[in-house]
Amino acid sequence: MVEYNDIIFEISRPGRIGSSLPESDVNKIDLKDKLPMHLIRDIPAELPEVSELQLVRHYTALSNKNYGIDNGFYPLGSCTMKYNPKINEDVARFDGFSRIHPYQPAETVQGALKLLYELQEDLAVITGMDAVTLQPSAGAQGEWTGLMMVKNYHEQKGETRTKVLVPDTAHGTNPASASVAGYKTVTIPSNEYGLVDLEELKKHMDNDTAALMLTNPNTLGLFEKEIVEISKVVHESGGLLYYDGANANAILGKTTPGKMGFDIVHLNLHKTFTTPHGGGGPGAGPVGVKSKLIPYLPVPHIEKDKDHYVLNYNQPLSIGRVKGYYGNFGILVRAYTYIRTMGPEGLRQVSESAVLHANYLRKRLEPYFEAPYSQICKHEFVLSGSRQKKLGVRTLDMAKRLLDFGYHPPTIYFPLNVEECLMIEPTETESKETLDTFADTMIQIAKEVEENPGVVLEAPHTTIIGRLDEVQAARQPILRYTKEEEAVRENEVVT
Ligand SMILES: *Cc1c(COP(=O)(O)O)cnc(C)c1O
């Protein structure tokens with residue numbers, strides 16, 4: 001049987017055609033006046049010559065090698081890989097949403113603007129904020145947008161503050177965004193319970209500190225119980241409190257960052273609100289703010305004027321536009337569809353199930369792995385592979401072994417303050433049977449580490465590619481088709 005793998009160049013036969021394009025109407029002579037000579041091709045590109053069926057099989061084979069939430073369980077912590085309901089796709093494809101143009105006058109796209117306006121309102125309620133912008137296209141861009149508002153807010157008061165505080169369990173985008181926004185970042189160590197050390201915070205909170213960025217529940221899955229006190233400390237010295245709400249799965253309908261004392265929040269619609277993610281997007285990272293920051297929101301802001309929806313550009317203190325047009329509109333339609341299909345009670349159930357699932361899995365796995373913070377968790381929890389490391393098997397090896405059983409492994413080696421960390425987020429959309437089968441597999445791997453470590457150390461055994469030389473894959477990737485023997489030769493030159 002012919003294998004439709006990555007051999008499309010090898011099944012190519014001269015003259016075989018899989019497409020019928022109309023005759024080109026570009027005049028080659030003309031082109032020569034308009035483009036530099038060296039950019040014009042003399043010889044046609046060497047593309048594979050295959051039939052339409054061969055091409056379809058090629059891409060289907062490639063898609064089968066991919067792994068996504070529609071393939072299987074994906075407990076990647078701090079990523080909320082939950083099911084993307086297909087009704088979201090149906091709605092995003094409505095002609096009235098998919099066939100409009102961002103340059104159309106606002107009067108002709110009132111339905112789209114109404115959806116955006118109502119989404120802003122819904123997210124404001126969900127986060128306990130006073131206003132929301134939908135423009136940022138990712139969590140990280142939301143963070144940067146929020147911090148630019150912080151900066152303008154302080155500057156408007158005649159203050160220049162240079163530092164942003166970030167706990168050591170924070171997502172890597174927090175210090176990165178702070179630094180892109182022009183701040184120095186200061187790391188606040190966690191205490192023995194995995195929470196912000198209040199005494200350390202007090203030491204660093206001064207007139208030079210613009211904001212504290214906090215994730216609550218944090219990336220260990222633990223709720224910052226002292227949040228009210230933390231908020232007091234930050235605000236007393238004139239700082240603002242930033243909420244990283246990328247993973248809001250534990251708080252929906254239960255509490256809000258607004259109630260906890262936060263001034264700014266970003267959400268990841270591509271995590272909590274079921275729009276697809278991975279592979280670079282598109283995503284959406286809306287930002288909500290308390291009223292004192294409304295003047296700094298990006299323009300245009302979508303507002304309601306009687307029964308009419310308008311794009312308001314008239315905000316003199318705005319940080320400006322952060323993304324073209326209205327943001328990633330199709331993603332916003334999906335998130336709106338999700339929120340409206342779930343309703344307030346449905347969203348509350350999401351959080352209850354997400355927390356229940358995480359605690360169920362935690363309890364099943366804790367006898368077999370070290371549990372540095374063994375207590376009730378929120379939507380995710382961490383384990384440590386330190387017990388297995390003593391037997392010569394690392395967390396990386398166990399993650400590779402999970403691939404043999406058809407799972408996407410959990411997040412590993414993050415947060416950084418847990419040795420040999422495994423960070424597991426099961427999400428609410430999985431069945432008890434899936435959680436049990438995954439737990440059985442993890443327990444089996446823990447037993448293999450004791451009885452037959454070789455099988456774990458040499459994993460994966462069933463994937464198309466085994467272990468990569470990750471350094472070489474990053475530094476010398478082979479990104480174009482190369483015949484096998486040439487690929488080997490290229491690698492020899494490198495090593
Ligand atoms: C995913 C994540 C981010 C970054 O979001 P992107 O959309 O990937 O930029 C920030 N903080 C936390 C806690 C996250 O989990």
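Just so it is clear, the structure is predicted and the values come from calculations on it, not from any experiment.

### Some words on the overall build of the protein
The helix and strand tally for the protein stands at 17 helices and 12 strands. Its C-alpha atoms give the protein a radius of gyration of 26 Å, within 12% of the compact-globule value 23 Å for 495 residues. In terms of overall dimensions, the protein has a C-alpha envelope of 75 × 70 × 45 Å along the principal axes. Scored against the burial criterion, the 495 residues of the protein give a buried share of 49%. Of all intrachain contacts in the protein linking residues separated by at least 6 positions in sequence, the fraction that spans at least 24 positions is 69%. As displayed, the protein offers around 25000 Å² of accessible surface, 53% of which is attributable to carbon and sulfur atoms. For the protein, the distance from the average position of its 51 positive side-chain charges to the average position of its 65 negative side-chain charges is 2 Å.

### A closer look at the environment of Glu89
With respect to the secondary-structure elements, Glu89 resides in helix α3 (residues 86-92). Judged by its relative accessible area of 16%, Glu89 is buried. Taking the C-alpha atoms as reference points, Glu89 and Val109, 20 residues apart in sequence, are found 20 Å from one another. Once residues lying within four places of it in the same chain are set aside, the contact partners of Glu89 are Pro276 and Arg334.

### Comments concerning the UniProt feature "domain: Glycine dehydrogenase C-terminal" (unreviewed entry) in the protein
The UniProt feature table records "domain: Glycine dehydrogenase C-terminal" (unreviewed entry) at residues 351-451. Here residues 351-451 runs as 49% helix and 10% strand, with 39 Å between its end C-alpha atoms.

### Quick word on the domain arrangement of the protein
How big an interface is tends to be reported as the loss of accessible area on association of its parts. If you check the domain split of the protein, you get domain 1 (8-65), domain 2 (86-342) and domain 3 (352-469). Look at where the C-alpha atoms of domain 1 and domain 2 centre, and you get two points 44 Å apart.

### Some remarks on the site of the ligand
Inspection of the region around the ligand gives 13 residues, with Ser78, Gly139, Asp244, His270 and Lys271 positioned closest. The contact in question runs from an oxygen atom of the ligand to an N or O atom on the backbone of Ala140, over 2.8 Å. Within the side chain of Asp244, one N or O atom sits 2.6 Å away from a nitrogen atom of the ligand. When the free accessible area of the ligand is taken as 380 Å², the share hidden by the protein chains comes to 87%. No other element matches helix α6 (residues 139-156), which puts three residues into the shell around the ligand. Partitioned by chemical class, the residues of the shell around the ligand number three nonpolar, seven polar and three charged.

### What to know about the state of the cysteines
A full pass over the atoms with the stated rule returns zero disulfides. Summary of cysteine pairing: Cys421 is not part of a disulfide, and the nearest cysteine sulfur, belonging to Cys377, is at 13 Å.

### Quick notes on unusual backbone geometry
Glycine aside, residues mostly have negative phi angles, and peptide bonds mostly take the trans form. Following Asn216, the chain continues to Pro217 via a peptide bond in cis, the omega torsion being 0°. By the element assignment, Pro217 lies in the loop between β4 (209-214) and α9 (227-236). A cis geometry characterises the amide bond from Ala459 onward to Pro460, with omega recorded as 0°. As for its position among the elements, Pro460 is in the loop between α15 (453-457) and α16 (470-475). Phi is positive for Thr80, close to 45°, though the residue is something other than glycine. Overall, the relative accessible area of 1% leaves Thr80 in the buried class. At Thr274, a position not held by glycine, the phi torsion is positive, near 60°. Tracing the sequence through the fold places Thr274 in the loop between β6 (264-267) and β7 (287-289). Since its relative accessible area comes to 2%, Thr274 is described here as buried.

### A few points about the sheet that holds strand β1 (residues 131-133)
Read from one edge of the open sheet, seven strands run β1-β7-β6-β5-β4-β2-β3, paired in mixed fashion. Bordering the open sheet on either side are β1 and β3 (184-188), each of which pairs with just one other strand. Between one strand axis and the next, the sheet turns through 25° on average, direction left out of account.

### Details of the environment of His58
One can find His58 in helix α2 (residues 52-65). With relative accessibility at 10%, the residue His58 sits in the buried group. With 50 residues separating them in the primary sequence, His58 and Ile8 have C-alpha atoms 6.9 Å apart.

How each quantity is defined
Residue positions are counted from 1 within each chain, in the order its sequence is given. Local features in this predicted model are restricted to residues of pLDDT 70 or higher, and side-chain atom pairs are both shown and tallied only at a pLDDT of 80 or more, whereas totals for entire chains, interfaces and linings draw on every residue. Hydrogen atoms and water are omitted, and side-chain values are computed over all heavy atoms in the structure. Counting from the N terminus, the helices are the DSSP runs of H or I reaching at least four residues and the strands are the DSSP runs of E reaching at least two. We compute the radius of gyration from the C-alpha atoms alone; for a globule the expected value is 2.2 Å times N to the 0.38, where N is the number of residues. Partly exposed residues are those whose accessible area sits between 20% and 50% of the maximum for their type, while under 20% is buried and over 50% is exposed, using a 1.4 Å probe and protein chains only. Contacts between residues were defined by any pair of non-hydrogen atoms, one from each residue, lying within 4.5 Å. Under the convention used here, a 1.4 Å probe and the Shrake-Rupley method define accessible areas, while residue burial counts only the protein chains that appear. Charged residues are defined here as Lys and Arg on the positive side and Asp and Glu on the negative side; His and the ends of the chain fall outside this count. Charge positions come from single atoms, namely NZ of Lys, CZ of Arg, CG of Asp or CD of Glu. UniProt positions are given in the numbering used here, feature names are shortened, and annotations may be inferred rather than shown by experiment. Residue ranges labeled as domains rest on an automatic or database domain assignment. Each residue is tested against the molecule or strand, and it is near if at least one of its non-hydrogen atoms lies within 4 Å. Two N or O atoms form a polar contact when they lie within 3.5 Å of each other; inside protein one atom must be a possible hydrogen donor and the other a possible acceptor, and for residues adjacent in sequence the pair counts only when both atoms belong to side chains. Charged residues are taken to be Asp, Glu, Lys and Arg, nonpolar residues to be Ala, Val, Leu, Ile, Met, Phe, Trp, Tyr, Cys and Pro, and polar residues to be all remaining types, Gly included. In this description, the term disulfide denotes a pair of cysteine sulfurs within 2.5 Å. Two strands form a pair only when DSSP identifies at least two bridges running between them. Orientation is described by axes fitted as lines to C-alpha atoms, over the contacting stretch for helices, and by angles from 0 to 180 degrees between their N-to-C directions.

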